[in-house]
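Summary of structural features
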Amino acid sequence: MTDLRALMARWPGKSAPEGGSEHPAVLHMLDVAAVAERLIAPLPCPDPLKDALVLLCALHDLGKISDSFRRALREGSVQRFRHWEITEALLWQHDARLAERLGSRDTRRALLCAAAAGHHGRPSQKGKELNRSGTGPGGDWQAMLDAAGREAVEDAALVISAFADLWPKASLAPLASLGEAKRLTWQLNGLLTVADWVGSNAAWFPASPPVDDLAAYLEAARSRAAAALEKAGLIAPPPASGALFDFAPRPMQAACAGVPLPDGPMLALIEDETGSGKTEAALILARRMLAAGKGRGLYVALPTMATADAMFRRLRAVLPRFFDGAPTVTLAHGRAGLSEDYRDLALARERDQDEPGPTEWLRDSRRRALLATVGVGTVDQALLAAVKARHAPLRQYALSRNILIVDEVHEMGDPYMGVLLRQLLHIQAALGGSAILMSATLPLGLRAELVAAFEAGAGRTAPADPGPAYPSLTVPGVAAPAVMATPSPRGPVRVERLAAPAAAIDLLAEAAELGAAAVWVRNAVDEAIAAVEALRARGVVADLLHARFALADRKRHEAEALVAFGKDRAPRPGRVLVATQVVESSLDLDFDVMVSDLAPMAALVQRAGRLWRHMDRRPADTRPVPAPVLHVLSPDAGAVAGPDWAAAELGQGVHVYPQGALWRTARALFEAGEIRAPDGLRALIEAAHADDPLPSALEAAALRAEGRAGAERAHAAQNVVGWEDGYRIGASGAGDADYPTRLGQPQRVLVLMQPDGAPWAGGAWGVDSCQLSEVSASKARLDRLALPACDPPPGLPDWLTRTRDFVPVGQGGEICQGLAYLAESGLLFA
């Protein structure tokens, strides 16, 4: 062991802190292996294979045994090759030694070695080239060995043998196929990334001088690993067993409490009307799934940051009954730090580790947020596991440990996101994870596609579709109980068409005079601004809410809307809210009268869910109008005179949704004359998604839309990870923005500044005040304007300043010719 001790001294793994000493690469590798060993232990594979995976994790930083890395650490020199690239080169060089200890075929070993080496978020792109005679390394392979140096190449062989002695039973022989090895590469890379992050924490694994006994050091590292995982927040408490809610269960909740749980990865689809308690039903089912060993926590994915914030508030109250102990909890999206609920939870956790909340380690990175016992965030954070973005395997691993709950899943059925979502479900099942999907308006065709994707990932054939019953609980592989359709306490919602915007103005003005809480949901911001101005000109008290406010102003308008139109509002406020799609799901609002621009069926059903919502607080006989009516501003579906059908009624809002979807919705909705929930929803949803011919005047637009849809599907197919190819070929190291999780009109972000240079939101400049002062708008529209050139304030991080334009707002709100900003109206284009 004397030679090994000298070897350790030669090759540092971590630089020396001030006044401290270097941490040898060999010992750092064992630190990470000790953490990885605990993460690998729950995997459903034979012990010899688990030991082989731990051994490969131990060898993850073999490239730190190199001249180039040592010079970079001690002298700051620039490396031609990264240490993790050299790791793979060294493992290639000593593959015979690995084969002697691990067995299996060389292709399978190479795949797993690449996954271990590429633990910094991307696989190596260096090729295993031979020399001209084909007898040894050539090209980049030889260049990487030269960068390591002859002594390092020899020492790497000694380390491989010494580590193999620590796991003498390690074997890759249980790998049944090349396909199984490829699947395992993703899992190995993901958990190794976590192990490396934990094992690199100097507070948990302090620097050590070289040691004589590797086995003794490993035993000590194992003890430190157990404590480190606890401190990081990666050990989940068990689920509790008491009652989760105090109220009597509704039919869907009762069904979720009693449905049989199939063996293996499990998918459940919960379909019920808005406001029926789907979230509570999902939580009841999820806790049963945790108790059955189908996960150790939850990640709840929502369509937007606003809906994620709202869900986070709801879950806070449930957590004490959900787990038998304090789980780690995170909010995962780009503006999580602005959530008061999340900040309160984090502060409570800092004061008392027995309180639910995020650990400091989890808060340190948005990627780590998915590793918490309970995560709430946007679906985009989950979909990044399915695209070729950096650290996709880390996200895959984090999600597969938890029950993935996706709300409003129908909103993710567009051509691009649909491909990503199906790939995500496939991966979740392939890694042994489970999922629950929720929707009020899921088309049967999309349901079948999602089931097929998950079941294929689990290695199963999708069962026959359970049929069109609604409400519906679908659990492939078991006979789910029928869910009784309970009529809505508000009764059916009558549907009436309004032929022109002027009719909507008249109706809303009359409603306000009666004392009603009224709303007009518009498809586009410009039309919303015009509508609120028209109402105010009539003397109507009208509020405005849309997505083109600076975040600070939007939060203020949302808070005011909740007071005026929310659950606890006055019975006769006599005012109108004009809003865009932001009111569809994130805010708990209750209107007496509703007008909506024509939109796809799912959106209209969602909007109608805010009509006569809280009947327990405001029964029918207390409302200013006799019955709930959804007034839809729409042209006549039976009179399509030309391709600009609906433009006169909807203005710019006609371009937000495909014309075919609008026409089919108008036809189905006005023929039905009502929205009868829940039993009538399935027929409306399917009619709006029918594939029958469109009027001839809309055919050209439909063909263009189909062409765009095909291009988006092809784009998505290029962007998703090559799951079947394994990590080295199927992954990439690009940034998140290079592989978007959704397509749409490109946006440009403006950071508004007061005339004196202060943030629009007030206070001193910082990340929070900057984000609170942001407003986004169409890049194409902004690019046509001469925005004032303004340097960002000093001290802001580069990731923030390089993606935003800082613009001062002058007196009267003017930013430049053609563009202004007013706190009560938002961003205004001339």
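Please refer to the structure higher up on the page.
Quick summary incoming for the structure in this document. Here the structure is a predicted model, which is why all the values come from computation and not from measurement.

Cut-off values and rules
- Residues numbered from 1 in each chain as written.
- Predicted model: local features only at pLDDT ≥ 70, side-chain atom pairs only at ≥ 80, totals over all residues.
- Heavy atoms only, no water.
- Pairing = 2+ DSSP bridges.
- Helix = DSSP H or I, 4+ residues; strand = E, 2+ residues; numbered from the N terminus.
- Axes fitted to C-alpha atoms, helices over the stretch in contact; angles between N-to-C directions.
- Contact = heavy atoms within 4.5 Å.
- Disulfide = S-S within 2.5 Å.
- Buried < 20%, exposed > 50% of the residue type's maximum accessible area, 1.4 Å probe, protein only.
- Expected span 1.5 Å × (residues − 1).
- Phe/Tyr/Trp six-rings, centres within 6.5 Å; stacked < 30°, edge-to-face > 60°.
- Lys NZ or Arg CZ within 6 Å of the ring centre and 35° of its normal.
- 1 Å grid on protein atoms, 1.4 Å probe; cavity = no way out; pocket = protein on both sides within 12 Å on 5 of 7 lines; lining within 4 Å.
- Points joined across faces, edges and corners; volume = space filled by probe spheres on them.
- Nonpolar A, V, L, I, M, F, W, Y, C, P; charged D, E, K, R; others polar.
- Polar contact = N/O pair within 3.5 Å; in protein donor to acceptor, adjacent residues only side chain to side chain.

The subject of this paragraph is the sheet that holds strand 7 (residues 403-406). Taken in spatial order, the seven strands of this open sheet run 5-6-4-7-8-3-9, and their pairing is mixed. Bordering the open sheet on either side are strand 5 (329-332) and strand 9 (472-474), each of which pairs with just one other strand. Taken over all neighbouring pairs, the strand axes of this sheet differ in orientation by 15° on average, direction set aside. For strand 4 (residues 298-302) and strand 7, the ladder comprises four bridges, and the chain directions are parallel. Bridged to A301 within strand 7 is V406. Helix 12 (residues 251-258) contacts strand 3 (267-271) and strand 9 of the sheet and is inclined by roughly 20° relative to strand 9.

Our focus in this paragraph is the state of the cysteines. Scanning the model with the defined rule gives zero disulfides in all. Here C57 is not disulfide-linked; the sulfur of C113 is the nearest cysteine sulfur, at 11 Å. Overall, C57 belongs to the buried group, its relative accessible area being 0%. With no disulfide of its own, C770 lies 12 Å from the sulfur of C790, the closest cysteine sulfur. Look at C770 and you get buried, because its relative accessible area is 0%.

The end-to-end C-alpha distance of helix 7 (residues 106-117), which contains twelve residues, comes to 16 Å, matching closely the 16 Å that a straight helix rising 1.5 Å per residue would cover. Burial analysis of helix 7 places nine of its twelve residues in the buried class, which makes it a mostly covered element. Residues of helix 7 that are buried: R108, R109, L111, L112, C113, A114, A115, A116 and A117. Buried residues in helix 7 make contact with helix 3 (47-58), helix 5 (83-93), helix 6 (95-102), helix 10 (178-199) and helix 29 (727-730).

In this section: the packing of aromatic side chains. Evaluation of the coordinates by the stated rule reveals nine aromatic pairs. Arranged with centres 5.8 Å apart and planes meeting at 80°, the rings of W92 and W141 form a pair that is edge-to-face. In this pair, W92 sits in helix 5 while W141 sits in helix 8 (residues 139-148), placing the two residues 49 residues apart along the sequence. Ring geometry for W760 versus Y821: centroids 5.2 Å apart, planes at 85°, classification edge-to-face. Here W760 is found in the loop between strand 17 (747-753) and helix 30 (767-772), whereas its partner Y821 is found in strand 21 (residues 819-822), with 61 residues between them in sequence. An aromatic cluster is present here, built from W186, W723 and Y727 joined pairwise through their rings. The ring centre of Y217 lies 5.2 Å from the NZ or CZ of R224, which sits over that ring. Its guanidinium or amino end placed over the ring of F829, R781 lies 4.0 Å from that ring's centre, counting from NZ or CZ.

Summed over all chains, the structure comprises two cavities of 30 Å³ or more. Size it by volume and the largest cavity reaches roughly 40 Å³. Lining of the largest cavity is provided by D543, L544, H557, E560, A561 and L577. Looking at the lining of the largest cavity, the elements with two or more residues in it are strand 12 (542-545) and helix 23 (551-565). At three residues, helix 23 tops the list of elements feeding residues into the lining of the largest cavity. Among the residues forming the lining of the largest cavity, the class breakdown is three nonpolar, one polar and two charged.

A word on the side chain of S596. Mapped onto the secondary structure, S596 falls in strand 14 (residues 593-597). Within the structure, the side chain of S596 is placed 2.8 Å from the side chain of R607, a separation counted as a polar contact. Those residues in contact with S596 that lie beyond four places of it in its chain are W520, V521, L604, R607, L630, H631, V632 and L633.

Time to look at unusual backbone geometry. Where the residue is not glycine, phi is negative for most of them; where a peptide bond is considered, it is trans in most cases. Cis geometry marks the peptide bond from Y470 to P471, where omega comes out at 0°. By secondary structure assignment, the location of P471 is in the loop between helix 20 (444-457) and strand 9. The peptide bond linking A677 to P678 adopts the cis configuration, its omega dihedral lying at 5°. Considering the arrangement of structural elements, one finds P678 in the loop between strand 16 (674-675) and helix 27 (681-688). Backbone geometry at S104 places phi at a positive 70°, although glycine is not the residue there. Position of S104 among the secondary structure elements: in the loop between helix 6 and helix 7. Under the relative-accessibility criterion, S104 is labelled partly exposed at 28%.

What follows concerns the layout of surface pockets. The computed volume of the second largest pocket comes to approximately 750 Å³. In terms of lining residues, the second largest pocket is bounded by 32 residues, among which P42, L43, P44, Q187 and L431 are the most central. Those elements that place two or more of their residues in the lining of the second largest pocket are helix 2 (25-40), helix 10, helix 18 (392-400) and helix 19 (415-430). Considering every element that reaches the lining of the second largest pocket, the biggest residue donor is helix 10, with four residues.

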